[in-house]
Amino acid sequence: MIRLDDIIERVSTYNPTGDLDIIKKAYIFSAKVHKGQLRLSGEPYLNHPIEVAMLLAELKLDPQTIATGLLHDTVEDTFATIEEIREFFGPEVADMVDGVTKIGKIAFATSEEKQAENFRKMVLAMGKDIRVILVKLADRLHNMRTLEHLSREKQLSISQETHDIYAPIANRLGIGWVKSELEDLSLRYLKPDLFNKISRMVSEKWAEREKFITDFKSVIQTEMEKNGIQGEVTGRPKHIYGISKKVSGEHIDLDQLNDIMAFRIKVDSVKDCYGSLGMIHSLWKPVPGRFKDFIAISKANGYQSLHTTVIAPNGERVEVQIRTREMHRVAEDGIAAHWKYKEDKAFSQKDDKRFSWLRQLLEWQRDLKDPGEFMETVKVDLFSEEVYVFTPKGEVKELPRGATPLDFAYNIHSDIGHRCVGAKVNGRIVPLKYQLRNGDTLEILTSPTHHPSKDSLKFVVTPKAKARIRQWINTEERERSISLGREMIEKELKKYSFELRNEDIGKVVADLSIPSAEDLYARVGYGKLPVHNVLSRIVPKDRLAEFQQKPKLGLASVISRFRKKPESAIKIQGLEDVLVRFANCCNPLPGDKVIGFITRGRGVTVHRVECLLAKDIDPERKVDVQWDSKAAGSRPAKIEVVCVDKKGLLADMSSTITSAEANITSAQIRTTEDKKAISVFELEVGSVEQLQRVMASLSRVKGVLKVERLRA
C-alpha cells in the first residue's frame with residue numbers, strides 16, 4: 001500500500017525545491033472528507049486518491065498537480081465545495097479539481113448526452129490547463145486497475161469509454177506506457193476470451209521467447225561494440241492489445257502469429273540512430289514497407305523513433321525501434337516530460353503542433369451541439385493513424401490515414417475546401433476521393449463558383465472537412481426552409497385577405513417561445529410547425545371558422561397523406577399512424593438506438609443513431625422515435641463472416657445460425673488467395689439481441705476468425 005511518505009520521497013527526487021507542504025495539506029484534507037467511505041473492494045476510499053497522486057508523481061508532475069490528484073474526488077463524492085478548495089489551496093488547484101469533476105448534478109436525457117457534456121467540460125478545462133487531462137488519465141488508470149469489483153455492465157461501459165476516449169488521448173499526449181496499459185485493461189473486459197487466450201499464449205512460450213530475446217540482444221550489442229556505438233538494447237513481447245489488433249486486422253489465428261516481439265535500441269545521438277539502423281539491416285533482411293522514419297518527420301505528439309521490421313534467423317518477424325535516450329523519455333512520458341509544462345502550465349502556445357488536436361477539440365465542442373455528433377467526431381479524430389503529405393512549397397501536413405485531397409484542402413482553409421474542384425498529386429490530376437499516401441505532394445485546384453456537395457461526405461474522413469461541409473449544407477437548407485416557410489405563411493394569409501406583417505410574426509414568435517422570426521419560418525418550411533398554429537394567432541377566430549372544412553396544412557398535411565396502420569414496431573412521439581420507413585443504409589433492428597427524420601413525401605425514415613448518413617441530416621427534421629415492445633416481427637440484417645477455407649465449415653455456420661432461431665434469406669461466399677473464405681449472410685431476426693447471440697455463436701465455431709455486422 002502506498003503511503004504519503006512514498007509520494008513525498010518520489011517528488012523530492014525530481015523536484016526537491018517544490019512546495020511539498022501543499023501535497024501534505026491536500027492529503028490531510030482528503031483523508032478528513034473521505035473518512036468512513038469505502039470503495040466497492042472494501043478498502044478505504046482514500047487509497048484511490050493516494051494511488052492517483054503516485055501515478056502523477058511517476059510522471060514527474062509538479063506539487064500542485066499531485067495535490068489535485070489527492071483532491072480530485074472531494075467535490076464529487078463528499079460535502080466539500082470548490083469554494084473550500086479555492087480557499088485552502090488557491091485558484092490553480094481549484095480550477096484543476098473543477099475541470100476533473102464530472103457534471104454529476106445535472107439531469108441528462110441520455111447517457112450519451114451526459115458523456116458528451118462531461119467531455120466538453122473537460123476539453124474546456126484542458127484548454128486552460130493541460131494538467132487536467134493528466135489527472136483524469138491517472139484517475140482512469142487506477143479505476144481500470146481495480147475494475148473487477150464493479151458489475152459486468154459497468155465494466156463494459158467504462159472499458160468502452162476508456163478504449164474510445166482515454167487511451168487515444170494518452171496516445172495524443174505521447175504517454176506511451178499509460179496508453180498501452182489502458183488499452184490492455186480495456187481489452188481484458190471488452191473481449192475477455194481473446195485477452196486470456198493471448199495472455200496464455202505469451203506466458204506459455206515465455207521461456208522460449210526469453211532465450212530468443214537474450215540471443216537477439218547479444219548479437220545486436222556485440223555488433224554495436226564493433227561499430228563503436230554506445231547504447232542499451234531491450235526486448236519484450238508486444239503488449240496484448242497490440243497483438244490483438246494484428247489478429248483482427250490480418251484475419252489470422254493466434255497460432256499463426258509470429259510478429260509479436262519488439263526490441264528497442266537507445267543510443268546517445270541521432271547519428272547513432274541511423275548508424276544502428278544500417279547495422280540492423282546488415283544483420284537481418286528487412287521486411288519491405290515496414291520501415292518508418294519518425295525522426296525526420298516526427299508525430300504530432302512529439303514522438304520520434306526509427307521503426308523497422310526484420311526477419312530473424314528462426315524466420316520470425318521482429319520489430320526494432322531505434323531512438324535517442326531523450327526521444328525515449330518523451331515517448332514514455334510525452335507531454336509530462338516536456339520542460340515547458342513545468343514553467344508555463346497554461347495552454348498558450350498557439351503555434352505548438354503538439355496541441356493542434358486540442359485546439360480542434362475546443363473548436364468542435366463550440367460548434368457541434370449534437371452530443372452524438374460531437375462524441376463520434378472526437379472518437380474518429382483520436383483514433384486516426386497518420387499519413388504525411390507535402391504542399392507544393394514542401395511544408396509537411398499530417399492527415400489521418402484514408403484522407404483525400406478534399407480533406408487536405410479543408411486542412412489548409414475552409415474556403416479552399418469549399419471552392420475545391422480538383423487536385424494534382426505529384427503533378428498528376430486525381431479524383432477528389434483519391435486516398436493520400438505518405439510522401440504525396442498536393443496542389444489544390446479551386447473555382448470561385450464551386451460549392452460543397454453532400455456527396456463529398458461519403459468519402460472525406462477528417463472531422464474538420466465533415467463539419468465544414470455539413471455546416472455549409474445545413475445553412476443552405478435552412479435558408480431554403482426559411483424562404484419556403486415564409487412563402488407558405490404568406491400564401492395562407494392571403495386566403496383570409498391578410499398580409500404578412502412583422503409585428504404579427506413578432507407576437508407569434510413570443511407566444512410560441514421561438515427564438516426569432518427566421519426560426520419560425522424555418523420550422524414551418526421543415527414541416528415541424530403547422531401553418532395553422534401561426535394563422536390561429538394572427539387571423540381572428542370568426543374568420544378562421546369560415547375555413548374549418550379546408551384541408552390540413554403544414555406537417556399535418558404532409559403526414560396525413562401517409563396515414564395508415566403502422567407496419568413497424570416503431571412509435572413516434574406525438575404522432576400516430578404515420579408511414580414509417582427503415583433506412584437501407586443502416587438497417588435498424590429492434591433494440592438498436594434509433595432516430596427518426598421527417599422526409600417530405602415519405603413520412604418518417606428511421607435510422608440507427610450511429611448511422612453516418614443520419615448525421616448529415618439537418619437536426620431540425622429530427623423526431624423522437626422508439627421501438628414498440630408490444631409489436632412483434634422480424635427485420636433483415638447482414639453479417640460478414642471471415643473464416644479459414646475448409647470443407648464442412650459453411651455447413652457448421654449455417655447450422656449455428658439456424659440453432660439461434662434466425663432465418664437465412666441469402667448467402668454469398670467468396671474465397672481469397674490466402675486460403676480464407678468471406679461469407680455474407682442476410683438474415684431475418686427479431687431484435688439486435690438475437691443478432692448478437694447469432695454473432696457470438698458464430699465466433700465460437702472453430703475456424704471462424706471474424707464476425708461483423710454490416711451496415712447495409
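Owing to the predicted nature of the structure, the values given are computational and were not obtained by experimental measurement.

S.K.: Explanation requested: the pattern of salt bridges in the structure shown.
M.R.: Side chains bearing opposite charge may pair, as long as their charged atoms lie close to each other. Under the definition given, this model contains 29 salt bridges. When the shortest N-O distance is used, the salt bridge between glutamate 232 and lysine 266 registers 3.7 Å. Of this pair, glutamate 232 sits in strand S1 (residues 231-237) while lysine 266 sits in strand S2 (residues 261-267), placing them 34 residues apart in sequence. Residue class for glutamate 232 comes out partly exposed when judged on its relative accessible area of 34%. Here arginine 325 ties to aspartate 268 by a salt bridge, and the two come within 3.0 Å at their closest N and O atoms. Placement of the pair is arginine 325 in helix H15 (residues 325-333) and aspartate 268 in the loop between S2 and helix H14 (270-283), with a sequence separation of 57 residues. One continuous salt-bridge network, built from bridges that share partners, spans Asp62, Glu92, Asp129 and Arg131.

S.K.: Even after reading the chapter, I still don't get the nonpolar core, so can you show me in this structure?
M.R.: Generally speaking, nonpolar side chains in soluble globular proteins are found buried as a group. Core analysis: the largest hydrophobic core is formed by 60 residues, its most contacted members being Ile7, Ile23, Ile85, Ile133 and Leu137. Aside from chain neighbours lying at most four places away, what touches isoleucine 133 is Met122, Met126, Tyr166, Ile169 and Leu173. Within the second largest apolar cluster, 33 residues are counted, among which are Met201, Cys273, Trp284 and Ala312.

S.K.: Please explain the sheet that holds strand S14 (residues 594-598) as it appears in this structure.
M.R.: Sheets are built from strands paired through backbone hydrogen bonds, the pairs being either parallel or antiparallel. Read from one edge to the other, the open sheet built from 4 strands follows the order S13-S15-S14-S16, with strand pairing classed as mixed. Strand pairing shows two members of the sheet lacking a second neighbour, strand S13 (580-582) and strand S16 (622-623), which therefore form its edges. Relative to S16, S14 is paired through 2 bridges, and the arrangement is antiparallel. In the sheet register, phenylalanine 597 faces S16, and the bridge partner there is lysine 622.

S.K.: Looking at this structure, I do not really get helix H19 (residues 405-412). What am I missing?
M.R.: With 6 of its 8 residues buried, H19 lies for the most part within the structure. Regarding H19, the residues found buried are Pro405, Leu406, Asp407, Phe408, Ala409 and Tyr410.

S.K.: How should the packing of helix H1 (residues 4-14) against helix H3 (residues 47-58) be read in this particular structure?
M.R.: Each pair of packed helices can be described by the angle between their axes along with the distance between the axes. Two numbers describe how H1 lies on H3: the axes approach to 9 Å, and their chain directions differ by 15°. With respect to H3, the element H1 is oriented roughly parallel. Taken as a pair, H1 and H3 cross one another with a handedness that is left-handed. On H3, the residues touching Asp6, Ile7, Arg10, Val11 and Tyr14 of H1 are Ile50, Ala53, Met54, Leu56, Ala57 and Glu58.

S.K.: Would you take a moment to explain the packing of aromatic side chains for this structure?
M.R.: Any pair of aromatic rings gets described here by the distance separating the centres and the angle formed by the planes. Applying the stated rule across the entire model yields 8 aromatic pairs. Here the aromatic rings of phenylalanine 294 and tyrosine 303 are separated by 6.1 Å at their centres, their planes lie at 70°, and the arrangement is edge-to-face. Accessibility classification places phenylalanine 294 together with tyrosine 303 in one group, the buried group. Three or more aromatic residues link up through ring pairs in this structure, and these residues are Phe212, Phe216, Phe263 and Trp284. A cation over a ring is seen here: lysine 25 above phenylalanine 89, with NZ or CZ 5.5 Å from the ring centre. One Lys or Arg, arginine 635, reaches over the ring of phenylalanine 582 and ends 4.0 Å from the middle of that ring.

S.K.: Could you clarify how one ought to interpret unusual backbone geometry in this entry?
M.R.: Where the residue is not glycine, phi is negative for most of them; where a peptide bond is considered, it is trans in most cases. Residue lysine 60 is not a glycine yet carries a positive backbone phi of 60°. Within the fold, lysine 60 resides in the loop between H3 and helix H4 (63-71). Lysine 60 sits in the partly exposed class, given a relative accessible area of 33%. One non-glycine residue, asparagine 426, lies in the positive phi region at around 55°.

S.K.: Would you take a moment to explain the confidence of the model for the chain for this structure?
M.R.: If pLDDT is low for a region, its predicted coordinates should not be looked at in detail. Confidence in the prediction for the chain averages 82 pLDDT; 83% of positions are at 70 or higher. Segment residues 339-351: pLDDT under 50, and 27 contacts once partners within four positions in sequence are set aside and those in other chains are kept. Note that residues 552-567 has pLDDT below 50 and, in this model, 29 contacts with residues that lie over four places away or in other chains.

S.K.: Whenever I open this one, a positive patch on the surface confuses me. Can you help?
M.R.: Taken together, the side chains of Lys197, Arg200, Lys646 and Lys702 present a region of like positive charge at the surface. In this structure, arginine 200 sits in helix H11 (residues 192-204). The class of arginine 200 is partly exposed, set by a relative accessible area of 46%.

S.K.: Is there a simple way to think about the sheet that holds strand S10 (residues 428-430) in this case?
M.R.: Strand order in the open sheet formed by 3 strands is S10-S9-S11, and the pairing between neighbours is antiparallel. Edge positions in the sheet fall to S10 and strand S11 (442-446), since each of these pairs with one other strand and no more. Averaged over all pairs of adjacent strands, the angle between strand axes in this sheet comes to 35°, irrespective of strand direction. Pairing of strand S9 (residues 420-425) with S10 involves 3 bridges; the strand directions are antiparallel. Counterpart to alanine 423 in the pairing with S10 is valine 430. In this fold H19 packs onto S9, S10 and S11, with an angle of close to 80° to the strand it touches most, S11.

What counts and what doesn't
Residues numbered from 1 in each chain as written. Predicted model: local features only at pLDDT ≥ 70, side-chain atom pairs only at ≥ 80, totals over all residues. Heavy atoms only, no water. Salt bridge = Lys/Arg side-chain N within 4 Å of Asp/Glu carboxyl O. Helix = DSSP H or I, 4+ residues; strand = E, 2+ residues; numbered from the N terminus. Buried < 20%, exposed > 50% of the residue type's maximum accessible area, 1.4 Å probe, protein only. Core = buried A, V, L, I, M, F, W, Y, C linked by side-chain atoms within 4.5 Å. Contact = heavy atoms within 4.5 Å. Pairing = 2+ DSSP bridges. Axes fitted to C-alpha atoms, helices over the stretch in contact; angles between N-to-C directions. Parallel < 35°, antiparallel > 145°, perpendicular 65-115°, else oblique. Left-handed = near helix turned anticlockwise from the far one by under 90°. Phe/Tyr/Trp six-rings, centres within 6.5 Å; stacked < 30°, edge-to-face > 60°. Lys NZ or Arg CZ within 6 Å of the ring centre and 35° of its normal. pLDDT = per-residue confidence, 0-100. Patch = residues over 30% accessible without salt bridge, like charges linked within 9 Å, V, L, I, M, F, W, Y side chains within 5 Å. Areas by Shrake-Rupley, 256 points an atom, 1.4 Å probe, with all protein chains shown as cover. Lys, Arg positive; Asp, Glu negative; His and termini not counted. Charge placed at Lys NZ, Arg CZ, Asp CG, Glu CD.

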